[in-house]
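If you want the building blocks of each chain, they are given just below.
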Amino acid sequence: MKPNPPRAKESPHAPALVINVNTAARAIQRGKNTAGPTESSGTLLAVLPIRNAILFPGMVVPLTIGRSASRKLIDDLPEKDRRIAVFTQRTEDDEKEPLADDLYPVGVTATVMRIIKQDSETMVAIVSVEDRVVIRSSGKPSPYLKARVEKIASVNPPDSQEWKAETASLRESALRLLEHKSDVPEQVSVVIRNIDDAGRLSDFIAGGIDMPLADRQGLLEELSVEKRVRSLQLAVASQIQIAELQDKIQKDVQSQFGEMQRRAWLSEQKKAIEKELGEGQQEATDELGKLRARLDAAQLPAAAREQADRELKRLDHIPQGSPEGSVIFSYLETLAALPWGVTTEDNLDLVHARKVLDDDHFGLEKVKRRLVESLAVRKLNPKGRSPILLLLGPPGVGKTSLGQSVAKALGRHFSRVSLGGVRDEADIRGHRRTYIGAMPGRLITEIRRAGTRNPVILLDEIDKLGSDFRGDPSSALLEVLDPAQNHTFTDHYLDVPFDLSSVLFIATANSADTIPHALRDRLEIIELSSYTAREKKAIATRYLLPRQRREHGLKTRHLKVSPDTIDSLIADYTREAGVRDLERQLASICRAVAARVAIDPDTSVAVTPDEAAAILGPPRFIHDEKLDIARPGVVTGLAWTPVGGDILHIEALRYPGKGAVQFTGQLGDVMKESVQTAMSLVRSRSDALGIPGRSFGQNDVHVHVPAGAVPKDGPSAGVAMFTALASLYTGKPVRHDLAMTGEVSLRGTVLPIGGLKEKSLAALRAGITTILVPDANRKDSPDIPDEVKKKVRIIFVKTVDDVLKHALAAPEN
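Residues numbered from 1 in each chain as written. Predicted model: local features only at pLDDT ≥ 70, side-chain atom pairs only at ≥ 80, totals over all residues. Heavy atoms only, no water.

**Q** Account for the sheet that holds strand S20 (residues 738-740), with residues named and values stated.
**A** Within the open sheet, the 7 strands sit side by side as S18-S19-S17-S16-S20-S23-S24. Their pairing is mixed. Since the sheet does not close on itself, it has two edges, and those belong to strand S18 (661-664) and strand S24 (793-797), each with one partner. Neighbouring strand axes in the sheet, compared pairwise and without regard to direction, differ in orientation by 30 degrees on average. By the bridge criterion, 5 bridges tie strand S23 (residues 770-774) to S24 in an arrangement that is parallel. Bridging across to S24, Leu772 finds its partner in Ile795. (Pairing = 2+ DSSP bridges. Helix = DSSP H or I, 4+ residues; strand = E, 2+ residues; numbered from the N terminus. Axes fitted to C-alpha atoms, helices over the stretch in contact; angles between N-to-C directions.)

Right, dumping it as structure tokens:
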């Protein structure tokens, strides 16, 4: 028991209780309290509201006065009668001057004994608390509250042996609690032993025990001394249990610390004895001493320290030069080298982070926004568990460099772990020390190299993990990438837990299909789509060309590349989603120019498209363009590829036969099924389309998709297949400036597709002016680049009837 109530959260009116032993002694001499009826007449007193504290009769406390109305109240007190009423506010955060209804119903009267002015806005009033009172009537604060209060007396139970035993039990419990409190004066126990009256004893103990505010107010309002004593008995017993547990914990800590000091002293004595004996092995002893010092400075947690001490003890008894000794020494060196308590301070300036991302990457607005949001959450809740981000996208779009930029923005060390082709679980968890040449896993190794336990670790190509008889590395990653488990990650080599919760993991992948479901469930996927031609041009101008100039030792005056040349490189020499091949073409140009500059340092070359063709050779790629004329049975479809979008010319031809359908062009099973579905749909609508029913049985159909050496598959060509067959049988040509995409059902509904951004870019590149897109993809329209929206008309269709309405009609002017 500490005889002080808890400090108020705010300084105004917050009491910090000081027990005046002499005052308590005078209270003892007044004699026993006599129970009886309450006073019939009330006394008009000024009311001082306090917060976060309850005063009990017999206390002497300093009250810090901060509110202007309360300071006015103290200043107005007459010199001869300084009695006031003190009541506690129900709401401690309320700053306004309270009314009587805002106060607890029972308070106390007190006499102001001394006033200490600290500054112009704060004073301290030392008051002596007297009796319990209730408010009978009051007015409005002007400027402070005045009320007519009436004293209420406590009710003592009949005198009996049982009641004396209960009072004695409370006294003994309070004295037991005082034994655990070293900061309480000895006079307090003397006062407790000498208070005979149970009511005054309960008030004295209640004023000093640590209890919730509501419980303390309940004790003040309780007039039955018997109930008050029993409630306090429970509270004191609870405080004793807490104090005993705290003492036990403190003794355990002191004992452990004492053992560590003893071991350190004995270790120093051992070194001194070895030095005096001069037994040789001085070099080994010095190395071992250095290792001990490194282990002491490594801030190892308890489990790791215990393991290190065991291995050191074994090492002391192993002969010098023993193979087992070198294994143990290497293990201890690894423990000492790990950054158990070393961290780098995060730079959580979001403006700086956004600037770093913008400086290092062009475009990728959605990705940058999501990364900045993650940093914002980390700034607001530094101890929160951050999600594991998966940057998903085609090769060359900047996934790895984004991870580097995040580390740069945070001011953390960056490490990259390539997981492509990893098949052994030990690459993640390490090898057990029973194996010859055992070593930690890749993660622990990278953390050791980083020298801090909170680096940014990029798990590159996580979709290319393998598995065989040696284990499944993706299963080992389940613990690593689970924020709820990775704080106790145990590497097989270390054999002690290492906290990975401070590491910021970022994974990259080209496809999510090959990532096991349990592992993918732990990742938050951020998709990176392929770059548009405009974005590639900007990246080449701002980043790639300056970098290649530097790497080839060229100055800006030596080499200039025109915008038309970069457009030519993008369109004719590369076909990719990212910019890696584009950078290689620029490197080829830089090498050719560097050869000239090496001969003549004053050489200056402005590379035009023709000059680029002379260096790089003829164009490597010829992109499909829109059809020259419209003809029946030929439709332009849109396709998605890993390197971006493309257009497909779907051709249908019929000739006399028996209704067979032939496929060519390396069509996959799904694409063949799309042709079958389209044929069934055309036949079911033959009357509406004006097709004679006998035409289907008297003709064979051949469906071909050019570029026969390239495998093709997917359901999104269903609408184009239907339109080609409908055009073939009706003899109506399809607009040659129009392309379409969408899966089709037997009900004639156009179903949604993926890769809308890439497909729309392919249409723009081919000179298409109108594209038909499933209405269900309207939600994806924000992903379509602005340059496409300006030059290509996008029509959303729900059924095949909508498709035919736009595809078979004459082009609109």
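**Q** Explain the nonpolar core to me, using residue names and the numbers behind them.
**A** In this structure, Leu55, Ile74, Ile192 and Leu232 are the most contacted members of the largest nonpolar core, which totals 56 residues. Sort the elements by how many residues they give to this core and helix H7 (residues 225-277) lands first, with 7 residues. Those residues within four positions of Leu232 in sequence are excluded, and the remaining contacts are Leu170, Ser202, Ile205, Ala206, Ile209, Met211 and Leu219. Leu348, Leu569, Tyr573 and Ala594 belong to the second largest nonpolar core, which has 51 residues in total. (Core = buried A, V, L, I, M, F, W, Y, C linked by side-chain atoms within 4.5 Å. Buried < 20%, exposed > 50% of the residue type's maximum accessible area, 1.4 Å probe, protein only. Contact = heavy atoms within 4.5 Å.)

**Q** An account of the pattern of salt bridges is requested, with residue identities and associated values reported.
**A** What the rule picks out here adds up to 41 salt bridges. Note that Arg230 and Glu166 form a salt bridge whose closest N and O atoms lie 2.9 Å from each other. A residue pair is termed long-range when its members are at least 10 positions apart, and Arg230 in helix H7 and Glu166 in helix H3 (residues 161-179) qualify at 64 residues. Overall, Arg230 belongs to the partly exposed group, its relative accessible area being 41%. According to the relative accessible area criterion, Glu166 is buried, its value standing at 19%. Across the pair Lys368 and Asp358 runs a salt bridge, and its minimum N-O distance is 3.0 Å. Placement of Lys368 in helix H12 (residues 365-380) and of Asp358 in helix H11 (residues 350-360) is noted, with a sequence separation of 10 residues between them. (Salt bridge = Lys/Arg side-chain N within 4 Å of Asp/Glu carboxyl O.)

**Q** I'd like to hear about the packing of aromatic side chains, residue by residue, with values.
**A** A complete count under the given rule lists 3 aromatic pairs for this structure. On the basis of an interplanar angle of 65 degrees and a centroid distance of 5.8 Å, the ring pair of Tyr331 and Tyr493 is categorised as edge-to-face. Of the two residues, Tyr331 sits in helix H10 (residues 323-337) while Tyr493 sits in the loop between strand S10 (489-490) and strand S11 (497-498), which places them 162 residues apart along the sequence. Look at Tyr331 and you get buried, because its relative accessible area is 0%. (Phe/Tyr/Trp six-rings, centres within 6.5 Å; stacked < 30°, edge-to-face > 60°.)

**Q** Explain empty space enclosed by the protein to me, using residue names and the numbers behind them.
**A** Under the counting rule described, the total for this entry stands at 6 cavities of 30 Å³ or more. A volume near 90 Å³ is recorded for the largest cavity. Forming the boundary of the largest cavity are Leu371, Ser374, Leu375, Arg378, Ser386, Pro387, Leu389, Val406 and Leu504. No other element matches H12, which puts 4 residues into the lining of the largest cavity. (1 Å grid on protein atoms, 1.4 Å probe; cavity = no way out; pocket = protein on both sides within 12 Å on 5 of 7 lines; lining within 4 Å. Points joined across faces, edges and corners; volume = space filled by probe spheres on them.)

**Q** A description of the environment of Asp93 should follow, citing residues and the corresponding values.
**A** Here Asp93 shows up in the loop between strand S3 (83-88) and strand S4 (106-119). With a relative accessible area of 55%, Asp93 lands in the exposed category. Distance in space between the C-alpha atoms of Asp93 and Arg51 is 8.3 Å, their sequence separation being 42 residues.

**Q** Describe the packing of H3 against helix H4 (residues 186-194), and please don't skip the residues or the numbers.
**A** Axis separation between H3 and H4 bottoms out at 10 Å; the angle between their running directions is 175 degrees. On the basis of their axis angle, the class for H3 and H4 is roughly antiparallel. In this structure, H3 uses Arg171, Ala174, Leu175 and Leu178 to contact H4, whose residues at the interface are Val188, Ser189, Ile192 and Arg193. Class assignment of the residues belonging to the contact of H3 with H4 gives a composition of 5 nonpolar, 1 polar and 2 charged. (Parallel < 35°, antiparallel > 145°, perpendicular 65-115°, else oblique. Nonpolar A, V, L, I, M, F, W, Y, C, P; charged D, E, K, R; others polar.)

**Q** Describe the sheet that holds strand S8 (residues 414-418), naming the residues involved and giving the relevant values.
**A** Spatial ordering of the open sheet is given by S8-S9-S12-S7-S13, a layout of 5 strands whose pairing is parallel. Every other strand in the sheet has two partners, leaving S8 and strand S13 (523-527) as the edge strands with one partner each. Neighbouring strand axes in the sheet, compared pairwise and without regard to direction, differ in orientation by 25 degrees on average. Across 5 bridges, S8 lies against strand S9 (residues 456-460) in parallel orientation. Of the residues in S9, the one forming a bridge with Ser418 is Asp460.

**Q** Quick one: what's the story with the pairing of strand S6 (residues 146-151), residue by residue and with numbers?
**A** With 4 bridges connecting them, strand S1 (residues 43-50) and S6 associate as antiparallel partners. By the bridge assignment, Leu44 is partnered in S6 with Arg148. Pairing of strand S5 (residues 122-138) with S6 involves 5 bridges; the strand directions are antiparallel. By the bridge assignment for S6, Ser137 is matched with Arg148.

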